[in-house]
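Architecture and fold: a report
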Amino acid sequence: MKTKPILTQQDCEKIQAAARAEAVKNKWNVTIAIVDDGGHLLSLIRGDGAAPVTAEIATMKAHGAAVARRSTKIAEERIASRPALIKMPVLPVQGGVPIMHDGQCVGAVGVSGVQSHEDEQVCNAGIAALAQA
C-alpha cells in the first residue's frame, strides 16, 4: 500500500498567514480558500472588506486547481482556444494554484477579490511559505 503526504491544519495556518500577509501588504480585500487533494475545503478566510461572493469563487478556484492538478490559469487559456472545454468541472479563471509536494498534489489554494493575476500572486505567496518549512 502507498502512503501519501497530506495537508495538516498547521500547514493551512502557515499558508493562510503568508497569503493574508501578501494581501494586506498590497491592500487587497480577498478571500483565501485551501482545499485538500480532492478539492474539499480545509480552510477559508474572508478578509475584511471582501465581498461575500468571493468565498464561493475562491473555493471553486481552489477545487478546480486541486482536481485538475494544475493552475486555473491553464484552464482559462485552454478554454479561450477551445470553447468546448467550458464543460469541464473547473472554474476557468486565474487564481487557483495546486500545492505540490514531492511530485504529488496535496491540495490547492484559491483566492478571489482582486484582479485574477493578483489573486494568483496571493496563492503563490501562501504556497511559498509552506516550502520554507
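Refer to the preceding data block for the structure.
In this text the structure is predicted, and so the values were computed from the model without any measurement.

**With respect to helix α3 (residues 72–81)**
All buried positions along α3 are accounted for by T72, A75 and I79. The buried residues of α3 occupy an angular sector of 45 degrees when the element is viewed end-on, so they sit on one face. For α3, exposure combined with an orientation more than 90 degrees from the buried face picks out A80 and S81. Packing partners of the buried residues in α3 comprise α2 (53–68) and β3 (96–101). Capping the start of α3 is the job of one residue whose side-chain oxygen sits 3.0 Å from the backbone nitrogen of K73: S71.

**Describing the sheet that holds strand β1 (residues 31–36)**
In space, the four strands of this open sheet follow the order β2-β1-β4-β3, with antiparallel pairing throughout. For this open sheet the edge positions go to β2 (41–46) and β3, each flanked by a neighbour on one side alone. Going across the sheet, the axis of each strand differs from the next one's by a mean of 15 degrees, ignoring polarity. Bridge count between β1 and strand β4 (residues 104–112): six bridges; the pairing is antiparallel. Pairing of T31 across the sheet is with S112, part of β4. Strand contacts of α2: β1, β2, β3 and β4, with the helix running at about 155 degrees to β4, the strand carrying the most contacts.

**Thoughts on unusual backbone geometry**
Even without glycine at this site, K27 takes up a positive phi of about 60 degrees. As for its placement among the helices and strands, K27 is situated in the loop between α1 (9–25) and β1. The exposure class of K27 is exposed, given its relative accessible area of 75%. The residue R69 is not glycine, and still its phi comes out positive at about 65 degrees. Relative to the assigned elements, R69 resides in the loop between α2 and α3.

**Quick notes on the nonpolar core**
What tends to happen in soluble globular proteins is that the nonpolar side chains get buried as a cluster. Judged by nonpolar contacts, the single largest core of 18 residues is most densely connected at I99 and V109. Breaking this core down by element, the ones donating at least two residues are α1, β1, β3, β4 and α4 (116–131). With seven residues, the next largest nonpolar core counts A33, V35, A65 and A66 among its residues.

**Quick look at the side chain of E120**
Summarising the element assignment, E120 is placed in helix α4. Salt bridges are absent for the buried E120, whose nearest opposite-charge side chain, K73, sits at 5.4 Å. A distance of 3.3 Å separates a polar atom in the side chain of E120 from a polar atom in the side chain of S71. For E120, the side chain forms a polar contact with the side chain of Q94, separated by 3.4 Å. Residues contacting E120, with those up to four places away along its chain left out, are S71, K73, Q94, G95 and V97.

Cut-offs applied
Residues numbered from 1 in each chain as written. Predicted model: local features only at pLDDT ≥ 70, side-chain atom pairs only at ≥ 80, totals over all residues. Heavy atoms only, no water. Buried < 20%, exposed > 50% of the residue type's maximum accessible area, 1.4 Å probe, protein only. Helix = DSSP H or I, 4+ residues; strand = E, 2+ residues; numbered from the N terminus. Arc of directions from axis to C-beta. Contact = heavy atoms within 4.5 Å. Polar contact = N/O pair within 3.5 Å; in protein donor to acceptor, adjacent residues only side chain to side chain. Pairing = 2+ DSSP bridges. Axes fitted to C-alpha atoms, helices over the stretch in contact; angles between N-to-C directions. Core = buried A, V, L, I, M, F, W, Y, C linked by side-chain atoms within 4.5 Å. Lys, Arg positive; Asp, Glu negative; His and termini not counted. Salt bridge = Lys/Arg side-chain N within 4 Å of Asp/Glu carboxyl O.

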